[in-house]
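# Examination of the molecular architecture
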Amino acid sequence: MMQITDSYNQKNSLFNAMNRFIGAVNNMDQTVMVPSLLRDVPLEEEKDVNPVRTASNGSPTYFQDGDMYGDYVLLKSIRNDIEWGVVQLEERRKEKLGVNALETTRVEPDDEDLEKLFHFHLNGLHAVLSKLTRKANTLTNRYKQEIGIGGCGL
């Protein structure tokens, strides 16, 4: 019984969610041989998508008014941030803003709320990764349809 519970919990772990997302984006990246074909191809869920102009960490996103190319670039950028970390981004921000300006923008949470804050952000991150994974899979399938290999099972 313990093994069944552990496998269920592992399936829903943040690590596995990140691996599913990275796998979906890698699959998308291997499938999309000509990313420029994605320009001006509208998304099916255009009504539900709100274009994001900047990320919460201040980095620009490349979400271009609901076309598939914007999603492609955004998903690859997020994958790179997960795989390589945001150290490079922090270095660039330090160069632009200076070390003192960067330190003043950080907000330290209360010590007694850290566990609650962690669980809140963990749940949010898991939900966002799930949505991004679906978006990468949808983009891959749409690209296959656009180039005519939708039913091949590739």
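Moving on: the overall build of the protein chain. Scanning the protein chain from N- to C-terminus turns up six helices and zero strands. Of the regular secondary structure in the protein chain, the N- to C-terminal order runs α-α-α-α-α-α. When burial is assessed residue by residue, the protein chain has 25% of its 154 residues classed as buried. The long-range fraction of contacts in the protein chain, counting pairs at least 24 apart against all pairs at least 6 apart in sequence, stands at 74%. Surface summary for the protein chain: the accessible area is close to 11000 Å², and the carbon and sulfur share equals 54%.

Let us look at the nonpolar core. Judged by nonpolar contacts, the single largest core of 19 residues is most densely connected at Phe21, Met28, Val32, Leu38, Leu75 and Leu139. Counting only elements with at least two residues in this core, the list comes to helix H2 (14-31), helix H3 (68-84) and helix H6 (114-147). The element that contributes the greatest number of residues to this core is H2, accounting for six residues. Sequence-distant contacts of Leu38, that is, excluding residues within four places in its chain, are made with Val32, Asp67, Met68, Tyr69, Tyr72, Leu139 and Tyr143.

Attention now goes to the pattern of salt bridges. Taken as a whole, this structure holds five salt bridges when the rule is applied. The partner of Arg79 in a salt bridge is Glu83, with the nearest N and O atoms 3.9 Å apart. One end of the pair is Arg79 and the other is Glu83, both in helix H3 and four residues apart, which spans about a single turn. Owing to a relative accessible area of 8%, Arg79 belongs among the buried residues under this scheme. Look at Glu83 and you get partly exposed, because its relative accessible area is 38%.

Before going further, it helps to spend a moment on the packing of H2 against H3. Packing of H2 against H3 leaves a shortest axis separation of 10 Å and a crossing angle of 135°. As judged from the angle between their axes, H2 and H3 are oblique. Crossing geometry of H2 relative to H3 is assigned as left-handed. For the pair H2 and H3, contact is made by Met18, Phe21, Ile22, Val25, Asn26, Met28 and Asp29 and by Tyr72, Leu75, Lys76, Ile78, Arg79, Ile82 and Glu83, respectively. Tallied by class, the residues present in the contact of H2 with H3 amount to nine nonpolar, one polar and four charged.

What follows concerns the confidence of the model for the protein chain. Looking at the protein chain, pLDDT values average 74 and 60% of them are 70 or higher. Here helix H5 (residues 99-105) stands out as the element of the protein chain with the lowest mean pLDDT, 48, in contrast to H2, whose mean of 93 is the highest. Between residues 59-64, whose pLDDT stays under 50, and residues either more than four places distant or in other chains, the model counts 23 contacts.

Our focus in this paragraph is the packing of H3 against H6. With their axes 10 Å apart at the nearest point, H3 and H6 run at an angle of 135° to one another. Considering the angle they form, H3 stands oblique to H6. Viewed along their axes, H3 and H6 form a crossing whose handedness is left-handed. Between H3, through Met68, Asp71, Tyr72, Leu75, Ile78 and Ile82, and H6, the contact on the second element is made entirely by Leu129, Leu132, Lys135, Ala136, Leu139, Arg142 and Tyr143. Counted by class, the contact of H3 with H6 contains ten nonpolar, no polar and three charged residues.

About the thresholds
Residues numbered from 1 in each chain as written. Predicted model: local features only at pLDDT ≥ 70, side-chain atom pairs only at ≥ 80, totals over all residues. Heavy atoms only, no water. Helix = DSSP H or I, 4+ residues; strand = E, 2+ residues; numbered from the N terminus. Buried < 20%, exposed > 50% of the residue type's maximum accessible area, 1.4 Å probe, protein only. Contact = heavy atoms within 4.5 Å. Areas by Shrake-Rupley, 256 points an atom, 1.4 Å probe, with all protein chains shown as cover. Core = buried A, V, L, I, M, F, W, Y, C linked by side-chain atoms within 4.5 Å. Salt bridge = Lys/Arg side-chain N within 4 Å of Asp/Glu carboxyl O. Axes fitted to C-alpha atoms, helices over the stretch in contact; angles between N-to-C directions. Parallel < 35°, antiparallel > 145°, perpendicular 65-115°, else oblique. Left-handed = near helix turned anticlockwise from the far one by under 90°. Nonpolar A, V, L, I, M, F, W, Y, C, P; charged D, E, K, R; others polar. pLDDT = per-residue confidence, 0-100.

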